Amino acid sequence: MSIQGTKTKSLFQKAKAVMPHGVNSNFRYWGDDDTLVISRGEGAYVWDADGKRYIDYRLGFGPIILGHAYPAVVKRVQEAIQEGTVFAWTTPGEIELCERITRMCKVDKVRLTNTGTEATMHALRIARAYTGREKFIKFEGQYHGMADYFMFSTASSNPSSLGSTRSPINSPNTSGIPKGITQYVINLPFNNFERLESTIHAQWGDIAAIFVEPILGNAASIMPLPGYLEKMRELCDKYGIVLVFDEVKTGFRIANGGAQDYFNIQADLVTYAKSLGNGFPIAAIAGKEDVMMTIQPGAMAHGGTYSGNVVGTAAAIATLEILETEPIIKTINQRGNALMTGFGEILTEAGIPHTVTGVPSMFGMVLGIEQEPHDFRDYFKGDGELYEEIAMELIHRGVQPDADAREPWFLCYALSDDDVNETLNIFNDSVKAAKHQH
Ligand SMILES: Cc1ncc(COP(=O)(O)O)c(C=O)c1O
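Reading guide: rules and limits
Residues numbered from 1 in each chain as written. Predicted model: local features only at pLDDT ≥ 70, side-chain atom pairs only at ≥ 80, totals over all residues. Heavy atoms only, no water. Helix = DSSP H or I, 4+ residues; strand = E, 2+ residues; numbered from the N terminus. Buried < 20%, exposed > 50% of the residue type's maximum accessible area, 1.4 Å probe, protein only. Axes fitted to C-alpha atoms, helices over the stretch in contact; angles between N-to-C directions. Parallel < 35°, antiparallel > 145°, perpendicular 65-115°, else oblique. Contact = heavy atoms within 4.5 Å. Nonpolar A, V, L, I, M, F, W, Y, C, P; charged D, E, K, R; others polar. Pairing = 2+ DSSP bridges. Near = heavy atom within 4 Å. Polar contact = N/O pair within 3.5 Å; in protein donor to acceptor, adjacent residues only side chain to side chain. Areas by Shrake-Rupley, 256 points an atom, 1.4 Å probe, with all protein chains shown as cover.

Trainee: Help me understand unusual backbone geometry in this model?
Mentor: It is generally the case that most residues other than glycine have a negative phi and that most peptide bonds are trans. Of note in this structure, F61 is not a glycine but carries a positive phi near 70 degrees. With respect to the helices and strands, the residue F61 is situated in the loop between β3 (53-56) and α2 (71-81). Take F61: its relative accessible area is 17%, and that puts it in the buried class. A positive phi angle, near 55 degrees, is found at A88, a position not held by glycine. Overall, A88 belongs to the exposed group, its relative accessible area being 74%.

Trainee: How should the packing of helix α5 (residues 193-203) against helix α6 (residues 228-239) be read in this particular structure?
Mentor: When two helices pack together, you describe them by how their axes are tilted relative to each other and by the distance separating the axes. Axis separation between α5 and α6 bottoms out at 11 Å; the angle between their running directions is 10 degrees. In terms of axis orientation, α5 runs roughly parallel to α6. Residues F193, L196, E197, I200 and H201 of α5 form the contact with α6, whose participating residues are Y228, K231, M232, L235 and Y239. Grouping the constituent residues of the contact of α5 with α6 by class yields 7 nonpolar, 1 polar and 2 charged.

Trainee: Help me understand the sheet that holds strand β5 (residues 135-139), please; the structure alone is not making it clear to me.
Mentor: Adjacent strands of a sheet form backbone hydrogen bonds with each other and so pair up, either parallel or antiparallel. If you trace the 7 strands from one edge of the open sheet to the other, you get β4-β10-β9-β8-β7-β5-β6, paired in mixed fashion. Looking at strand neighbours, the two that pair on one side only are β4 (109-113) and β6 (185-188), the edges of this open sheet. Adjacent strand axes in the sheet meet at a mean angle of 20 degrees when their direction is disregarded. Looking at chain direction, β5 and β6 are connected through 4 bridges and run parallel. Bridging from a neighbouring strand, F139 pairs with L188 of β6.

Trainee: It is not clear to me how the site of the ligand should be interpreted in this structure. Could you clarify?
Mentor: Every residue lining the ligand is accounted for by T115, G116, T117, Y143, H144, G145, E213, N218, D246, V248, K249 and K274. G116 is positioned such that a nitrogen or oxygen atom in its backbone is 2.8 Å from an oxygen atom of the ligand. Within the side chain of K274, a nitrogen or oxygen atom sits 2.9 Å from an oxygen atom of the ligand. Relative to its unbound accessible surface of 390 Å², the ligand loses 83% to contact with the protein. Residue composition of the shell around the ligand, grouped by class: 2 nonpolar, 6 polar and 4 charged.

Encoded structure:
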């Protein structure tokens, strides 16, 4: 049964007439019968074109940390844009925002940009310029945006395309990447200490950076094993490699200071986007003084017409101010814990083996296995089909997680205890319905 109502169906036909597959990002296409058209959002809810309300756990793929159309953020943006939006000069707002980021994230310097893709692209260039080296390490199942260099062995890859763990294959996620690019990319299985050490021992002179999502925000929020991020830090220090935490999903979500704060490890460079602006387009590249100061007019480029524009900057100032002054993450974590525990109990009761992964503000569930997955390959030991069936039952009943178990459940501050209870009840019904059909 399609999740599209009549109005949604007809709007989606119009969308297909003017946009490839009716969407402006491939990740939003769920098939001709299951792609939604959303008319509005408020707090923890979104409404589709037929007026159906959903408790939203996709939250635009993570950016909504406070709630949709959060009044204090909207107001700040409305006020700010009365006075213009781009000037090609520094604004007082940019200074205020970068001061906040340096304080919250314990970084020395910040450059603003607009999207996660831009942030990681610039971070890679900075790391290469800083080290004079060209290759970089990333991990299977991690997604760092749409730039060619990163589009190998991401969360969209088929596990059978990844080769052996002893010598992983860079599996391209798209046509259109020039053949030569792959020589600069080293994909490794996450949480494998031995592979990381042996690769760096053999090739450190060529390796500019390690890019890592500290929690696998695109693969069911798989957690790093104790000591793994510390090992990266140690190896990067020893061999002069730039450690880049891609905090596009974890930043300003798992803690006020993101994964650096949560795991108590400082990277050399960090990329932020999503929760930084509570849904407005704003991103940042931040990090240590000497690495960030590689950026130099005339020598090492970073730029962008809309970098630090008034809209995103005002939204981010308002969002960070609220994060710094109210118990946002603490409240989200309480509700997330209730969901993680409740889902676990319901699945146990239904006799479905499972493991609940990640942290309360962005957690995942892998069904069909009890053993916590430690890398992207482990994730595929789970039953993604059963998960999708449960997710579709949830969506029919007005609770909206992603149908793909790789995408975490995201929580926002506007989610109430009542929403949590409603979600648990609907989850219970959905599990029963899906189990019945499976
Ligand atoms: C970890 C990570 N890095 C980078 C990106 C790219 O960000 P954007 O979609 O804003 O370009 C994403 C997007 O989901 C992400 O999850």
